[in-house]
Amino acid sequence: MNTKQIKSIVTAAAVLALGTTAFGAGYALFESSATGNADAAGLTTKGGEPSAMFFNPAAISDLEGTQVSVGSSFLLTHFSIEGKNPYTGKTMRKEADDRLFTLPHAYVTHKVSDDFQIGLGIFSKFGLGLTMDDDWFGRYNNVEVDILTMTVAPTISWKISDSVSVGAALNLQAMDVALKQKIPATKLNPSLTSPALDITQDLESSEISTGVGASIGITWDATEDLHLGASYTSRVKHDIDGDVSYYKSPMLAAAPVFKDTTASAELTTPDEVIIAATYDVTDRLTLGAAVTYTAWSVFDGLTIEYDSLAAVGAPEVSLEKNWKDTVRFAFGGSYQLNDAWVLRASYTYDDSPLNKSHPDYLVPAHDRHIFAVGAGWTKNDWTVDMSYFFEFVPSTSLTADFDHGVYDGGYSDGNANCLGITVTRRF
């Protein structure tokens, strides 16, 4: 078994380096709260609610008393994959199973003194999810992926003057991984060409991986109407240990490779910088913009180390990815309709970090356009925020990489619909 064959066997194991769902560029998630889904710039500069700590730990400095926010985003994804059969020239098309992902969030803040605020956030920052049929044409790349990360972020904010606040958070991040792919029996014997003899490879985390990072931020009311905010979130390193199981036809049971084993890999999630500005056009209307820089180049490749040579006939496999750094642009605003209601809307352009020289079917390899609306209703000590966004992924092409189970073709019909709801109680 040569090196190229071994690589093709474990191509989908690269998902160990991908951090519940979903459908963001790369594998980042920005579904922080109902307000954040529609007005990230406003939360980064002005705050106004506990979920602002997701974008900027300094932005909770003006909150009064004790406040608790809980809610979830519900994301429904859809896309299709096309591939050209190299032998017949026929175009094959497969729609990925529509999947509904639930992304819960919870935040609490408490004003310790006139100058200090503490808080705690629980949210998902990275994720990926995909389900395909066992017999689809790209099954040798992947069949099913479920990756979950959860971050617990104790936060502190200090109002150092009437116009400037700073903040910091400790990001305690947990990750769980499950992956399924098919391996052709021809890897054992070229004469075994029947798909019925495909070998199933399951990879699952043997324990939840944990890593620690940090965030720092600042807000500045430059004038009475102009508000600025910036934050930096550090990378988080994960050491992932997993169990690898193989399911084979009885006639292949004695094969010397593809034996159950354990494996390990390292993952580092990217650094992130957010810079935002908002301007109060009137007492009711605020417009803003935010730029997010994500250092995806940290994911240049992945090495899978097997604890048994019987797994694939080699001690380790290195997979090259060479992702690029990206910039995400968001433009939007809010309008205070009356004392009870606020309306929000935004547009976001989300750049893809994927390197098309290293294609796979894990995530749609193209940029994204996101159109969002939202509304908030306040009565006494309660606020209910709601949001909806539609995410559109333009069609894109992929160049064949047969060693990794990818055909000439591409993605089409990529879209996502997301509903968000957050309930806030002030004490």
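Note that the coordinates shown come from a computational prediction; the quantities given were computed from them, not determined experimentally.

The number of helices and strands found in the protein chain is three helices and 22 strands. Across the 427 residues of the protein chain, 55% fall into the buried class. Of the roughly 17500 Å² of accessible surface on the protein chain, 57% is carried by carbon and sulfur atoms.

If you trace the backbone, Gln 181 turns up in strand β7 (residues 164-183). What makes Gln 181 buried here is its relative accessible area of 0%. A distance of 3.2 Å separates a polar side-chain atom of Gln 181 from the backbone oxygen of Tyr 140. In this structure the side chain of Gln 181 is engaged in a polar contact, spanning 2.5 Å, whose partner is the side chain of Gln 201.

Summed over the entire model, instances satisfying the criterion amount to twelve aromatic pairs. For the ring pair Phe 54 and Phe 55, a centre distance of 5.0 Å and an interplane angle of 70 degrees mean the geometry is edge-to-face. The burial state of Phe 54 is the same as that of Phe 55; both residues are buried. Ring geometry for Trp 296 versus Trp 323: centroids 5.5 Å apart, planes at 70 degrees, classification edge-to-face. With a gap of 27 residues between them, Trp 296 in the loop between β14 (285-294) and β15 (301-306) and Trp 323 in the loop between β16 (316-320) and β17 (326-336) connect regions that are remote in the sequence. One aromatic cluster is present, formed by Phe 54, Phe 55, Tyr 107 and Phe 123 through successive ring pairs. The positively charged end of Arg 328 is found above the aromatic ring belonging to Phe 30, 3.8 Å away from the centroid. The ring centre of Phe 427 lies 4.6 Å from the NZ or CZ of Arg 425, which sits over that ring.

Definitions and limits used
Residues numbered from 1 in each chain as written. Predicted model: local features only at pLDDT ≥ 70, side-chain atom pairs only at ≥ 80, totals over all residues. Heavy atoms only, no water. Helix = DSSP H or I, 4+ residues; strand = E, 2+ residues; numbered from the N terminus. Buried < 20%, exposed > 50% of the residue type's maximum accessible area, 1.4 Å probe, protein only. Areas by Shrake-Rupley, 256 points an atom, 1.4 Å probe, with all protein chains shown as cover. Polar contact = N/O pair within 3.5 Å; in protein donor to acceptor, adjacent residues only side chain to side chain. Phe/Tyr/Trp six-rings, centres within 6.5 Å; stacked < 30°, edge-to-face > 60°. Lys NZ or Arg CZ within 6 Å of the ring centre and 35° of its normal.

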